[in-house]
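Tertiary structure, described
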Amino acid sequence: DIQMTQSPASLSASLGETVTIECLASEDIYDILAWYQQKPGKSPQLLIYDASSLHTGVPSRFSGSGSGTQYSLKINSLQPEDFASYYCQNGLSAPNTFGAGTKLELK
Amino acid sequence: EVQLVESGGGLVQPGRSLKLSCLASGFTFSNYGMNWIRQAPGKGLEWVASISSSSSYIYYADTVKGRFTISRDNAKNTLYLQMTSLRSEDTALYYCARQKRRVPYVMDAWGQGASVTVSS
């Protein structure tokens, strides 16, 4: 199975800051990666797929990049609604494993 | 509006069975693959099972293979997860999620979740 290692596990940031979350796959996943946001007590929501394609309705301050085994999610100019947990997901092969998550907290 | 509503969760003893349902609305259910994803209390997301639009392709996580069965009834717009031989480690919030068209590994709509607690 492909392992997804996310870092950091938690992150404190201020409003207006820019943050980056990393995801490392145990093998090349050829950009077949998605990012999800989960707010407390809510179900996950799709942000990005195919490493860099923004899902419909997702604000442009979110962006994804990377290739091979290394991928990142960047959030520009943090807004109050962005403080949540974020998960990457391998889509190359079953099981479509998730990273352990990154909790983004307000500093 | 796309809606996925899970039901059937509850408290069950180890070794017993439980069946979850997910009623879909707001889209043509028979055109989409579907998934079950679970989240143990305070933990991350774990993919459980997936089923293609016509039930031709079905996949399971190793942790549930042989114990859980995913199925669907397109006439009823409903996805199911039959869970047998339940263990304490199956305690979680179970989400049904729709696969994105043409990008099947991606889940673009999620339900609110059904809580399953396995305990004596």
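Structure: above.
Heads up: these notes are all about the structure in this document. (Residues numbered from 1 in each chain as written. Chains lettered and ligands numbered in written order. Predicted model: local features only at pLDDT ≥ 70, side-chain atom pairs only at ≥ 80, totals over all residues. Heavy atoms only, no water.)

1. A short note on the pairing of strand E11 (residues 114-118) of chain B
Residues and elements named next belong to chain B. Here E11 shows a clear split, with Ala 114, Val 116 and Val 118 buried on one side and none of Ser 115 and Thr 117 buried on the other. Across three bridges, strand E2 (residues 10-12) lies against E11 in parallel orientation. Bridge assignment links Val 12 to a residue of E11, and that residue is Val 118. (Buried < 20%, exposed > 50% of the residue type's maximum accessible area, 1.4 Å probe, protein only. Helix = DSSP H or I, 4+ residues; strand = E, 2+ residues; numbered from the N terminus. Pairing = 2+ DSSP bridges.)

2. Quick word on the sheet that holds strand E3 (residues 18-25) of chain B
Residue and element names in this part refer to chain B. Here four strands make up an open sheet; going across it, the order is E1-E3-E8-E7 and the pairing antiparallel. The open sheet is flanked by strand E1 (3-7) and strand E7 (68-73), the only strands paired with a single partner. Neighbouring strand axes in the sheet, compared pairwise and without regard to direction, differ in orientation by 15 degrees on average. When E1 meets E3, the two strands line up antiparallel, connected through five bridges. Looking at E3, one finds that Gln 3 is bridged to Ser 25. (Axes fitted to C-alpha atoms, helices over the stretch in contact; angles between N-to-C directions.)

3. What about the interface of chain A and chain B?
Between chain A and chain B, the contact holds 22 residues from the first and 17 residues from the second. Our count for the contact surface shared by chain A and chain B stands at zero salt bridges. Where chain A meets chain B, there are eight residue pairs in polar contact (both at pLDDT 80 or more). Counting residues per element, the ones that place at least two in the side of chain A that touches chain B are strand E4 (33-38), strand E5 (45-49) and strand E9 (85-90) of chain A. Looking at the side of chain A that touches chain B, the element that brings in the most residues is E4(A), giving four residues. Among the residues forming the side of chain A that touches chain B, the class breakdown is 12 nonpolar, six polar and four charged. (Contact = heavy atoms within 4.5 Å. Salt bridge = Lys/Arg side-chain N within 4 Å of Asp/Glu carboxyl O. Polar contact = N/O pair within 3.5 Å; in protein donor to acceptor, adjacent residues only side chain to side chain. Nonpolar A, V, L, I, M, F, W, Y, C, P; charged D, E, K, R; others polar.)

4. Observations regarding the packing of aromatic side chains
Aromatic ring pairs are described here by two measures, namely the spacing of the ring centres and the angle between the planes. Per the counting criterion, the structure on display carries six aromatic pairs over all chains. For the pair A:Tyr36 and B:Trp110, a centre-to-centre distance of 5.6 Å together with 75 degrees between the ring planes defines the contact as edge-to-face. In this pair, A:Tyr36 is assigned in strand E4 and B:Trp110 in strand E10 (residues 103-110), connecting two distinct chains. Just as A:Tyr36 is buried, B:Trp110 falls in that class too. (Phe/Tyr/Trp six-rings, centres within 6.5 Å; stacked < 30°, edge-to-face > 60°.)

5. What about the state of the cysteines?
Residue and element names in this part refer to chain A. Under the definition given, this model contains two disulfides over all chains. Between the sulfur of Cys 23 and that of Cys 88 lies a disulfide, 2.0 Å long from S to S. Its S-S torsion of approximately 60 degrees makes the covalent link between Cys 23 and Cys 88 right-handed. Taken together, the positions of Cys 23 in strand E3 (residues 19-25) and Cys 88 in strand E9 put the pair 65 residues apart, joining distant regions of the chain. In this pair, the class of Cys 23 matches that of Cys 88, namely buried. (Disulfide = S-S within 2.5 Å.)

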